[in-house]
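# Results of the structural survey
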Amino acid sequence: MARIQIGALRKTYPGAKTDTLHGIDLTIEDGEMAVLVGPSGCGKSTLLRMIAGLESVTSGDIRIGERVVNQLEPAERDIAMVFQNYALYPHMTVRGNLEYGLKNRRTPRAEIDARVTEAARVLEIEPFLDRKPQALSGGQRQRVAMGRAIVRKPQAFLFDEPLSNLDARLRGQMRVEIRRLQRRFATTSIYVTHDQLEAMTMADKLVVMNAGRIEQVGSPMDLFDAPRSLFMASFIGAPGMNLLPVDDLRGAGVDLGGLPGNTSVIGIRPEHLTTDTVGAGIVLDLTVEAVELVGSETLVHLGAAGLSAPLVLRRPGALSVAPGTPLRVALPAGHLHGFDGHGLRIGAASRQGQPQTAAMS
Ligand SMILES: Nc1ncnc2c1ncn2[C@@H]1O[C@H](COP(=O)(O)OP(=O)(O)OP(=O)(O)O)[C@@H](O)[C@H]1O
Ligand SMILES: [Mg+2]
(Lines give C-alpha, C1' and ligand atoms only; values in the text may rest on other atoms or scores of the structure.)
(Ligands and ions follow the chains in the order given, each with its own letter.)
Protein backbone atom coordinates (compact mmCIF):
# COMPACT_ATOMS: atom_id res chain seq x y z
CA MET A 1 0.00 0.00 0.00
CA ALA A 2 1.25 3.42 -0.84
CA ARG A 3 0.59 7.08 -1.32
CA ILE A 4 0.12 8.22 -4.92
CA GLN A 5 1.57 11.63 -5.77
CA ILE A 6 0.96 13.33 -9.07
CA GLY A 7 2.92 16.47 -9.90
CA ALA A 8 2.40 18.90 -12.82
CA LEU A 9 1.20 16.01 -14.96
CA ARG A 10 0.50 16.89 -18.58
CA LYS A 11 -0.80 14.80 -21.43
CA THR A 12 -0.80 15.72 -25.11
CA TYR A 13 -2.00 12.91 -27.34
CA PRO A 14 0.09 12.58 -30.52
CA GLY A 15 -1.32 14.84 -33.22
CA ALA A 16 -3.74 16.57 -30.82
CA LYS A 17 -3.96 20.37 -31.07
CA THR A 18 -4.55 20.93 -27.35
CA ASP A 19 -3.44 19.27 -24.14
CA THR A 20 -5.81 16.72 -22.64
CA LEU A 21 -4.36 17.22 -19.15
CA HIS A 22 -2.97 20.68 -18.38
CA GLY A 23 -0.85 20.06 -15.30
CA ILE A 24 -2.50 17.93 -12.64
CA ASP A 25 -1.31 18.13 -9.02
CA LEU A 26 -2.90 15.59 -6.72
CA THR A 27 -1.95 13.46 -3.72
CA ILE A 28 -3.88 10.40 -2.63
CA GLU A 29 -2.83 9.32 0.83
CA ASP A 30 -2.01 5.76 1.79
CA GLY A 31 -5.26 3.84 2.22
CA GLU A 32 -7.40 6.69 0.93
CA MET A 33 -10.30 6.34 -1.52
CA ALA A 34 -10.25 9.19 -4.05
CA VAL A 35 -13.23 9.52 -6.37
CA LEU A 36 -12.73 11.28 -9.69
CA VAL A 37 -15.71 12.96 -11.38
CA GLY A 38 -16.17 15.44 -14.19
CA PRO A 39 -17.94 15.88 -17.52
CA SER A 40 -17.39 13.41 -20.34
CA GLY A 41 -14.06 14.01 -22.06
CA CYS A 42 -12.47 15.98 -19.19
CA GLY A 43 -9.59 13.49 -18.92
CA LYS A 44 -10.53 11.10 -16.10
CA SER A 45 -9.69 7.90 -17.97
CA THR A 46 -6.56 9.47 -19.41
CA LEU A 47 -5.33 10.27 -15.89
CA LEU A 48 -6.15 6.77 -14.64
CA ARG A 49 -4.48 5.11 -17.63
CA MET A 50 -1.35 7.21 -17.13
CA ILE A 51 -1.17 6.12 -13.48
CA ALA A 52 -1.61 2.50 -14.57
CA GLY A 53 1.11 2.87 -17.19
CA LEU A 54 -1.20 2.32 -20.17
CA GLU A 55 -0.56 5.85 -21.51
CA SER A 56 2.77 7.67 -21.69
CA VAL A 57 3.50 10.81 -19.66
CA THR A 58 4.03 14.01 -21.70
CA SER A 59 5.59 15.79 -18.70
CA GLY A 60 5.37 15.77 -14.93
CA ASP A 61 5.71 12.97 -12.38
CA ILE A 62 3.71 10.07 -11.05
CA ARG A 63 4.96 8.60 -7.77
CA ILE A 64 3.65 5.45 -6.16
CA GLY A 65 5.12 5.16 -2.70
CA GLU A 66 8.65 6.53 -3.00
CA ARG A 67 9.14 5.51 -6.63
CA VAL A 68 8.70 7.69 -9.70
CA VAL A 69 6.94 5.25 -12.02
CA ASN A 70 6.82 7.35 -15.23
CA GLN A 71 9.07 4.95 -17.11
CA LEU A 72 7.86 1.67 -15.56
CA GLU A 73 5.82 -0.90 -17.45
CA PRO A 74 2.27 -1.47 -16.15
CA ALA A 75 3.24 -4.85 -14.66
CA GLU A 76 6.07 -3.25 -12.69
CA ARG A 77 3.81 -0.64 -11.07
CA ASP A 78 2.02 -3.12 -8.83
CA ILE A 79 -1.41 -1.65 -9.46
CA ALA A 80 -4.72 -3.42 -10.13
CA MET A 81 -7.21 -1.87 -12.51
CA VAL A 82 -10.93 -2.73 -12.58
CA PHE A 83 -12.79 -1.59 -15.70
CA GLN A 84 -16.42 -1.40 -16.70
CA ASN A 85 -15.87 -4.44 -18.93
CA TYR A 86 -14.25 -6.72 -16.44
CA ALA A 87 -12.77 -9.03 -19.11
CA LEU A 88 -12.61 -12.33 -17.27
CA TYR A 89 -11.04 -15.25 -19.16
CA PRO A 90 -14.11 -17.14 -20.45
CA HIS A 91 -12.40 -20.52 -20.80
CA MET A 92 -11.15 -20.50 -17.20
CA THR A 93 -13.14 -21.21 -14.06
CA VAL A 94 -13.58 -18.49 -11.46
CA ARG A 95 -10.74 -20.08 -9.49
CA GLY A 96 -8.58 -20.08 -12.62
CA ASN A 97 -9.31 -16.41 -13.16
CA LEU A 98 -8.40 -15.57 -9.57
CA GLU A 99 -5.17 -17.59 -9.68
CA TYR A 100 -3.99 -16.44 -13.09
CA GLY A 101 -2.10 -13.30 -12.09
CA LEU A 102 -0.46 -14.99 -9.12
CA LYS A 103 0.69 -17.99 -11.16
CA ASN A 104 2.20 -15.62 -13.70
CA ARG A 105 4.17 -14.08 -10.87
CA ARG A 106 5.35 -17.54 -9.74
CA THR A 107 3.70 -17.14 -6.35
CA PRO A 108 4.10 -20.35 -4.27
CA ARG A 109 1.10 -22.73 -4.45
CA ALA A 110 0.26 -22.50 -0.74
CA GLU A 111 0.23 -18.70 -0.92
CA ILE A 112 -2.03 -18.76 -3.99
CA ASP A 113 -4.48 -21.07 -2.23
CA ALA A 114 -4.54 -18.93 0.91
CA ARG A 115 -5.17 -15.69 -0.98
CA VAL A 116 -7.85 -17.15 -3.26
CA THR A 117 -9.64 -18.74 -0.32
CA GLU A 118 -9.67 -15.48 1.61
CA ALA A 119 -10.81 -13.36 -1.32
CA ALA A 120 -13.55 -15.86 -2.22
CA ARG A 121 -14.79 -15.85 1.37
CA VAL A 122 -14.83 -12.06 1.67
CA LEU A 123 -16.53 -11.65 -1.71
CA GLU A 124 -18.93 -14.53 -1.10
CA ILE A 125 -18.05 -16.24 -4.36
CA GLU A 126 -17.00 -19.60 -2.86
CA PRO A 127 -20.02 -21.40 -4.37
CA PHE A 128 -18.98 -20.34 -7.87
CA LEU A 129 -15.25 -21.14 -7.78
CA ASP A 130 -15.57 -24.05 -10.21
CA ARG A 131 -17.96 -22.32 -12.63
CA LYS A 132 -17.05 -20.51 -15.83
CA PRO A 133 -17.80 -16.76 -15.97
CA GLN A 134 -20.70 -17.18 -18.44
CA ALA A 135 -22.56 -19.12 -15.75
CA LEU A 136 -22.51 -16.07 -13.43
CA SER A 137 -24.70 -13.00 -13.17
CA GLY A 138 -23.25 -9.55 -13.91
CA GLY A 139 -22.85 -8.77 -10.23
CA GLN A 140 -21.14 -12.10 -9.54
CA ARG A 141 -18.74 -11.48 -12.43
CA GLN A 142 -18.04 -8.05 -11.03
CA ARG A 143 -17.12 -9.62 -7.71
CA VAL A 144 -14.78 -12.06 -9.46
CA ALA A 145 -13.14 -9.10 -11.19
CA MET A 146 -12.71 -7.46 -7.78
CA GLY A 147 -11.34 -10.75 -6.44
CA ARG A 148 -8.77 -10.90 -9.19
CA ALA A 149 -7.58 -7.45 -8.19
CA ILE A 150 -7.60 -8.20 -4.45
CA VAL A 151 -5.60 -11.46 -4.55
CA ARG A 152 -2.68 -9.60 -6.06
CA LYS A 153 -2.45 -7.37 -2.95
CA PRO A 154 -1.50 -4.44 -5.15
CA GLN A 155 -0.19 -1.06 -3.97
CA ALA A 156 -3.32 0.57 -5.37
CA PHE A 157 -6.66 -0.10 -7.04
CA LEU A 158 -7.80 1.94 -10.02
CA PHE A 159 -11.49 1.72 -10.94
CA ASP A 160 -12.88 3.18 -14.18
CA GLU A 161 -16.68 3.22 -13.92
CA PRO A 162 -16.73 -0.40 -12.76
CA LEU A 163 -20.47 -0.49 -12.06
CA SER A 164 -21.90 1.31 -15.05
CA ASN A 165 -23.14 -1.94 -16.68
CA LEU A 166 -25.19 -2.98 -13.66
CA ASP A 167 -28.79 -2.20 -12.74
CA ALA A 168 -29.57 0.30 -10.00
CA ARG A 169 -30.13 -2.26 -7.24
CA LEU A 170 -26.91 -4.13 -7.95
CA ARG A 171 -24.99 -0.88 -8.29
CA GLY A 172 -26.13 0.06 -4.82
CA GLN A 173 -25.04 -3.28 -3.39
CA MET A 174 -21.68 -3.26 -5.16
CA ARG A 175 -21.01 0.33 -4.14
CA VAL A 176 -21.25 -0.65 -0.49
CA GLU A 177 -19.29 -3.85 -1.15
CA ILE A 178 -16.38 -2.15 -2.91
CA ARG A 179 -16.13 0.47 -0.18
CA ARG A 180 -16.19 -2.22 2.51
CA LEU A 181 -13.41 -4.17 0.80
CA GLN A 182 -11.36 -1.06 0.16
CA ARG A 183 -11.59 -0.14 3.86
CA ARG A 184 -10.86 -3.65 4.99
CA PHE A 185 -7.69 -3.96 2.93
CA ALA A 186 -6.92 -0.22 3.32
CA THR A 187 -5.78 -0.09 -0.28
CA THR A 188 -5.09 3.31 -1.83
CA SER A 189 -7.74 3.67 -4.53
CA ILE A 190 -8.86 5.95 -7.34
CA TYR A 191 -12.42 5.48 -8.51
CA VAL A 192 -13.89 7.16 -11.60
CA THR A 193 -17.66 7.48 -11.81
CA HIS A 194 -20.48 9.48 -13.40
CA ASP A 195 -22.78 8.63 -10.54
CA GLN A 196 -23.29 11.42 -7.96
CA LEU A 197 -24.39 9.01 -5.28
CA GLU A 198 -21.28 6.85 -5.74
CA ALA A 199 -19.10 9.95 -5.72
CA MET A 200 -20.64 11.45 -2.58
CA THR A 201 -20.87 8.22 -0.57
CA MET A 202 -17.62 6.47 -1.50
CA ALA A 203 -15.08 9.28 -1.49
CA ASP A 204 -12.69 10.16 1.29
CA LYS A 205 -11.41 12.71 -1.18
CA LEU A 206 -13.57 13.94 -4.02
CA VAL A 207 -11.68 15.23 -7.06
CA VAL A 208 -13.68 17.20 -9.61
CA MET A 209 -12.09 17.65 -13.03
CA ASN A 210 -13.12 20.05 -15.77
CA ALA A 211 -11.53 20.27 -19.22
CA GLY A 212 -8.19 18.72 -18.27
CA ARG A 213 -7.78 20.57 -14.98
CA ILE A 214 -8.67 19.90 -11.37
CA GLU A 215 -11.53 22.21 -10.45
CA GLN A 216 -11.71 21.40 -6.72
CA VAL A 217 -10.55 18.74 -4.26
CA GLY A 218 -11.94 18.05 -0.81
CA SER A 219 -14.32 15.96 1.27
CA PRO A 220 -17.69 15.48 -0.44
CA MET A 221 -19.41 17.68 2.16
CA ASP A 222 -16.84 20.48 1.84
CA LEU A 223 -17.38 20.56 -1.91
CA PHE A 224 -21.13 20.47 -1.46
CA ASP A 225 -21.16 23.22 1.16
CA ALA A 226 -18.56 25.51 -0.39
CA PRO A 227 -18.27 25.03 -4.16
CA ARG A 228 -15.42 27.25 -5.34
CA SER A 229 -16.97 28.08 -8.72
CA LEU A 230 -20.19 28.18 -10.70
CA PHE A 231 -19.06 25.00 -12.42
CA MET A 232 -18.80 23.24 -9.05
CA ALA A 233 -22.12 24.65 -7.86
CA SER A 234 -23.98 23.20 -10.81
CA PHE A 235 -21.94 19.97 -11.04
CA ILE A 236 -22.20 18.73 -7.44
CA GLY A 237 -25.71 17.90 -6.26
CA ALA A 238 -28.54 16.29 -8.20
CA PRO A 239 -30.12 18.53 -9.26
CA GLY A 240 -27.35 21.09 -8.91
CA MET A 241 -27.55 24.49 -7.25
CA ASN A 242 -30.02 27.08 -8.58
CA LEU A 243 -28.02 29.93 -10.08
CA LEU A 244 -29.55 33.38 -10.44
CA PRO A 245 -27.79 36.19 -12.31
CA VAL A 246 -27.96 39.28 -10.14
CA ASP A 247 -28.88 41.36 -13.20
CA ASP A 248 -32.08 39.30 -13.60
CA LEU A 249 -33.05 40.12 -10.02
CA ARG A 250 -32.15 43.79 -10.30
CA GLY A 251 -34.16 43.94 -13.51
CA ALA A 252 -37.13 42.63 -11.55
CA GLY A 253 -36.66 45.29 -8.88
CA VAL A 254 -35.20 43.14 -6.10
CA ASP A 255 -33.09 45.16 -3.66
CA LEU A 256 -29.72 43.39 -3.38
CA GLY A 257 -28.08 46.05 -1.23
CA GLY A 258 -26.85 43.55 1.35
CA LEU A 259 -24.85 41.47 -1.10
CA PRO A 260 -21.15 42.15 -1.65
CA GLY A 261 -20.79 44.61 -4.54
CA ASN A 262 -18.93 42.16 -6.76
CA THR A 263 -21.70 39.55 -6.66
CA SER A 264 -22.61 38.53 -10.18
CA VAL A 265 -24.60 35.34 -9.53
CA ILE A 266 -26.30 34.08 -6.40
CA GLY A 267 -26.82 30.38 -5.81
CA ILE A 268 -29.17 28.40 -3.64
CA ARG A 269 -29.65 24.63 -3.31
CA PRO A 270 -33.10 23.25 -4.26
CA GLU A 271 -33.61 22.01 -0.68
CA HIS A 272 -33.01 25.51 0.71
CA LEU A 273 -35.68 27.28 -1.32
CA THR A 274 -38.65 27.70 0.96
CA THR A 275 -42.29 28.68 0.72
CA ASP A 276 -42.05 30.06 4.27
CA THR A 277 -41.54 33.70 3.33
CA VAL A 278 -42.04 35.29 6.75
CA GLY A 279 -38.95 37.31 7.68
CA ALA A 280 -37.04 35.73 4.82
CA GLY A 281 -34.28 37.30 2.70
CA ILE A 282 -35.04 37.55 -1.00
CA VAL A 283 -38.62 36.69 -1.93
CA LEU A 284 -39.71 35.87 -5.48
CA ASP A 285 -43.15 35.40 -7.02
CA LEU A 286 -42.88 32.49 -9.41
CA THR A 287 -45.09 30.07 -11.32
CA VAL A 288 -45.00 26.29 -11.14
CA GLU A 289 -43.86 24.96 -14.53
CA ALA A 290 -43.46 21.26 -13.83
CA VAL A 291 -43.66 18.85 -10.91
CA GLU A 292 -41.60 15.67 -10.61
CA LEU A 293 -42.60 13.13 -7.98
CA VAL A 294 -39.57 10.95 -7.31
CA GLY A 295 -41.01 8.70 -4.61
CA SER A 296 -39.36 10.04 -1.47
CA GLU A 297 -39.31 13.65 -2.64
CA THR A 298 -40.83 16.17 -5.02
CA LEU A 299 -38.98 18.50 -7.38
CA VAL A 300 -40.91 21.61 -8.36
CA HIS A 301 -39.65 23.60 -11.36
CA LEU A 302 -40.50 27.27 -11.03
CA GLY A 303 -40.29 29.95 -13.66
CA ALA A 304 -40.84 33.64 -14.18
CA ALA A 305 -40.60 35.99 -17.12
CA GLY A 306 -37.39 37.64 -15.91
CA LEU A 307 -35.51 34.43 -15.11
CA SER A 308 -33.04 32.94 -17.58
CA ALA A 309 -33.49 29.42 -16.16
CA PRO A 310 -36.16 27.79 -13.99
CA LEU A 311 -35.51 27.39 -10.28
CA VAL A 312 -35.90 23.97 -8.71
CA LEU A 313 -37.39 23.52 -5.26
CA ARG A 314 -36.98 20.19 -3.48
CA ARG A 315 -39.42 18.93 -0.84
CA PRO A 316 -39.40 15.65 1.06
CA GLY A 317 -42.46 13.50 0.38
CA ALA A 318 -45.19 14.07 -2.17
CA LEU A 319 -46.36 17.60 -2.93
CA SER A 320 -49.44 18.06 -5.04
CA VAL A 321 -49.32 21.34 -6.89
CA ALA A 322 -50.48 21.86 -10.47
CA PRO A 323 -48.44 23.51 -13.22
CA GLY A 324 -49.54 27.13 -13.61
CA THR A 325 -49.96 27.66 -9.86
CA PRO A 326 -48.36 30.87 -8.56
CA LEU A 327 -45.89 30.21 -5.75
CA ARG A 328 -44.10 32.72 -3.55
CA VAL A 329 -40.69 31.41 -2.51
CA ALA A 330 -37.94 32.78 -0.32
CA LEU A 331 -34.16 32.48 -0.61
CA PRO A 332 -33.06 32.47 3.05
CA ALA A 333 -29.98 34.64 3.53
CA GLY A 334 -28.07 31.96 5.45
CA HIS A 335 -28.20 29.59 2.49
CA LEU A 336 -27.09 31.95 -0.26
CA HIS A 337 -23.85 31.42 -2.16
CA GLY A 338 -22.33 34.37 -4.02
CA PHE A 339 -20.17 34.19 -7.15
CA ASP A 340 -18.23 37.02 -8.80
CA GLY A 341 -17.91 38.00 -12.45
CA HIS A 342 -15.24 35.31 -12.96
CA GLY A 343 -17.63 32.65 -11.65
CA LEU A 344 -15.66 32.25 -8.41
CA ARG A 345 -17.13 31.92 -4.95
CA ILE A 346 -17.29 35.09 -2.87
CA GLY A 347 -18.19 33.27 0.31
CA ALA A 348 -21.61 32.50 1.75
CA ALA A 349 -23.36 35.76 0.98
CA SER A 350 -25.26 37.18 3.88
CA ARG A 351 -27.91 39.75 3.47
CA GLN A 352 -29.28 42.16 6.01
CA GLY A 353 -32.34 44.33 5.92
CA GLN A 354 -36.00 43.92 5.27
CA PRO A 355 -37.49 41.20 3.12
CA GLN A 356 -38.03 42.29 -0.46
CA THR A 357 -40.76 41.01 -2.67
CA ALA A 358 -40.30 41.15 -6.40
CA ALA A 359 -42.94 40.34 -8.94
CA MET A 360 -41.08 38.37 -11.55
CA SER A 361 -44.01 36.98 -13.46
N1 LIG B 1 -5.85 7.79 -27.65
C2 LIG B 1 -6.30 9.04 -27.79
N3 LIG B 1 -5.87 9.84 -28.78
C4 LIG B 1 -6.29 11.11 -28.90
N5 LIG B 1 -7.19 11.69 -28.06
C6 LIG B 1 -7.66 10.94 -27.06
C7 LIG B 1 -7.26 9.58 -26.86
N8 LIG B 1 -7.91 9.09 -25.78
C9 LIG B 1 -8.69 10.11 -25.34
N10 LIG B 1 -8.54 11.19 -26.09
C11 LIG B 1 -9.20 12.50 -25.89
O12 LIG B 1 -8.82 13.01 -24.62
C13 LIG B 1 -9.90 13.63 -23.96
C14 LIG B 1 -10.13 12.99 -22.61
O15 LIG B 1 -10.57 11.66 -22.79
P16 LIG B 1 -10.86 10.69 -21.55
O17 LIG B 1 -11.18 9.36 -22.09
O18 LIG B 1 -9.72 10.78 -20.62
O19 LIG B 1 -12.14 11.40 -20.91
P20 LIG B 1 -13.07 10.93 -19.69
O21 LIG B 1 -13.07 12.05 -18.70
O22 LIG B 1 -12.66 9.59 -19.22
O23 LIG B 1 -14.51 10.88 -20.40
P24 LIG B 1 -15.75 9.88 -20.14
O25 LIG B 1 -16.44 10.40 -18.91
O26 LIG B 1 -16.59 10.09 -21.37
O27 LIG B 1 -15.22 8.49 -20.00
C28 LIG B 1 -11.09 13.49 -24.91
O29 LIG B 1 -11.23 14.69 -25.61
C30 LIG B 1 -10.69 12.36 -25.82
O31 LIG B 1 -11.30 12.50 -27.09
MG1 LIG C 1 -13.58 7.68 -19.26
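Residues numbered from 1 in each chain as written. Chains lettered and ligands numbered in written order. Predicted model: local features only at pLDDT ≥ 70, side-chain atom pairs only at ≥ 80, totals over all residues. Heavy atoms only, no water.

Here the focus is the domain arrangement of the chain. According to the domain assignment, the chain consists of domain 1 (4-223) and domain 2 (229-339). Of note, the centres of domain 1 and domain 2, computed from C-alpha atoms alone, are 38 Å apart. Counting residues at the interface gives twelve residues for domain 1, matched by seven residues for domain 2. A buried area of about 770 Å², summed over both sides, lies between domain 1 and domain 2, and 71% of it is on carbon and sulfur atoms. The interface formed by domain 1 and domain 2 contains three residue pairs in polar contact (both at pLDDT 80 or more). Every element with two or more residues in the side of domain 1 that touches domain 2 is listed here: helix H6 (196-202), strand S9 (205-210) and strand S10 (213-218). (Domains from an automatic or database assignment. Contact = heavy atoms within 4.5 Å. Buried area = accessible area lost by both parts, 1.4 Å probe. Polar contact = N/O pair within 3.5 Å; in protein donor to acceptor, adjacent residues only side chain to side chain. Helix = DSSP H or I, 4+ residues; strand = E, 2+ residues; numbered from the N terminus.)

With that settled, the discussion passes to the sheet that holds strand S8 (residues 188-192). Strand pairing in a sheet takes place through backbone hydrogen bonds and is either antiparallel or parallel in direction. The strand order across the open sheet built from six strands is S6-S7-S8-S3-S9-S10, with neighbouring strands paired in mixed fashion. Bordering the open sheet on either side are strand S6 (79-83) and S10, each of which pairs with just one other strand. Put simply, the sheet's adjacent strands are angled 15° from each other on average, direction ignored. (Pairing = 2+ DSSP bridges. Axes fitted to C-alpha atoms, helices over the stretch in contact; angles between N-to-C directions.)

Read across the sheet, four strands follow the order S2-S1-S4-S5 without closing on themselves; strand pairing throughout is antiparallel. Every interior strand has two partners, whereas the edge strands, strand S2 (21-28) and strand S5 (67-68), have only one. As paired elements, strand S4 (residues 59-64) and S5 share two bridges and run antiparallel to each other. Pairing of Ile 64 across the sheet is with Arg 67, part of S5. The sheet contacts of helix H1 (residues 44-52) involve strand S1 (4-11), S2 and S4, and relative to S1 the element is tilted by about 120°.

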